Amino acid sequence: MKKNPKTIDEYITQFPQNIQEILIKIRSIVKEEAPNAIEKISYQLPTFYFHGNLLHFGAFKKHIGFYPTPSGMTSFDKELSVYKKGKGSVNFLLDRPIPYELIRKIVKFRINEVQAIMK
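Student: What's the story with the pattern of salt bridges in this structure? I'm lost.
Tutor: Think of it this way: side chains of opposite charge can pair up when their charged atoms draw near. In the structure shown here, the tally under the stated rule is eight salt bridges. A salt bridge links Glu-39 to Lys-31; the nearest nitrogen and oxygen atoms lie 3.8 Å apart. Of the charged contacts, one joins Glu-32 and Arg-104 as a salt bridge, the two residues approaching to 2.9 Å between their closest N and O atoms. Pair noted here: Glu-32 is in helix α2 (residues 17–33) and Arg-104 is in helix α5 (residues 100–118), with a separation of 72 residues, a long-range link. Arg-104 gets classed as buried once you look at its relative accessible area, which sits at 14%. By sharing partners, the salt bridges in this structure join Asp-9, Arg-27, Lys-31 and Glu-39 into a single network.

Here is the structure:
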């Protein structure tokens, strides 16, 4: 794995095709739901920034890490209960289906949360 990718494209291309497809799908969902968010690399992970860090995601040996902040986790505690979780992160195992629609719901929640704070 390249140590310091400068863009999300660079980050994605360093993985095998099957992992790239997952990362591309997650990126696409975030771009659809948060079209004004800025893409960048932060903490060496793909990051979407919208008046602060909206979320991060990344690929690891056995899982996809998804980091929607602690509020993005607690608001979906029931739906995320079947996954290994940290304070602001969840692991989606690569040997199981990735919950793309849940990711979409969490992204929508995060955008609405940030927009409410901005008002």
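Having seen the structure, we can now continue with the description.
Student: In this structure, what is going on with the sheet that holds strand β2 (residues 45–49)? I would like to understand it.
Tutor: Paired through backbone hydrogen bonds, the strands of a sheet run either parallel or antiparallel to each other. As summarised here, the arrangement of the six strands in space is β1-β2-β3-β4-β6-β5, forming an open sheet in which the pairing is antiparallel. The sheet is open, and its two edges are formed by β1 (38–42) and β5 (84–85), each paired on a single side. As paired elements, strand β3 (residues 53–59) and strand β4 (residues 63–67) share four bridges and run antiparallel to each other. Residue pairing for β4: Ala-59 is matched across the bridge by Ile-64. Against the sheet, α5 makes contact with β3, β4 and β6 (90–93), and its axis sits at roughly 155° relative to β3, the strand it touches most.

Student: Could you clarify how one ought to interpret α2 in this entry?
Tutor: Each α-helix winds once per 3.6 residues, and so residues spaced three or four apart point in a common direction. Taking 1.5 Å of rise per residue, 17 residues should cover 24 Å, and α2 covers 24 Å from first to last C-alpha, within 8% of that figure. Residues of α2 that are buried: Ile-19, Gln-20, Ile-22, Leu-23, Ile-26, Arg-27, Ile-29 and Val-30. The inward-facing, buried residues of α2 contact α1 (8–13), β1, β2, β3, β4 and α5.

Student: Can you help me understand the packing of aromatic side chains in this one?
Tutor: Two descriptors summarise a pair of aromatic rings, namely the distance from one centre to the other and the angle between the planes of the rings. A complete count under the given rule lists five aromatic pairs for this structure. Taking the centre distance of 6.1 Å and the plane angle of 35° together, the rings of Phe-66 and Phe-92 count as tilted. Here the residue Phe-66 occupies a position in strand β4, and Phe-92 occupies one in strand β6, the gap between them amounting to 26 residues. For the pair Phe-76 and Phe-109, a centre-to-centre distance of 5.7 Å together with 85° between the ring planes defines the contact as edge-to-face. Taken together, the positions of Phe-76 in the loop between α3 (69–74) and α4 (77–80) and Phe-109 in helix α5 put the pair 33 residues apart, joining distant regions of the chain. Three or more aromatic residues joined by ring pairs form one cluster here, namely Phe-66, Tyr-83 and Phe-92. In this arrangement the basic side chain of Lys-25 is found over the ring face of Tyr-100, its NZ or CZ atom lying 5.7 Å from the centre.

Criteria and cut-off values
- Residues numbered from 1 in each chain as written.
- Predicted model: local features only at pLDDT ≥ 70, side-chain atom pairs only at ≥ 80, totals over all residues.
- Heavy atoms only, no water.
- Salt bridge = Lys/Arg side-chain N within 4 Å of Asp/Glu carboxyl O.
- Helix = DSSP H or I, 4+ residues; strand = E, 2+ residues; numbered from the N terminus.
- Buried < 20%, exposed > 50% of the residue type's maximum accessible area, 1.4 Å probe, protein only.
- Pairing = 2+ DSSP bridges.
- Contact = heavy atoms within 4.5 Å.
- Axes fitted to C-alpha atoms, helices over the stretch in contact; angles between N-to-C directions.
- Expected span 1.5 Å × (residues − 1).
- Phe/Tyr/Trp six-rings, centres within 6.5 Å; stacked < 30°, edge-to-face > 60°.
- Lys NZ or Arg CZ within 6 Å of the ring centre and 35° of its normal.

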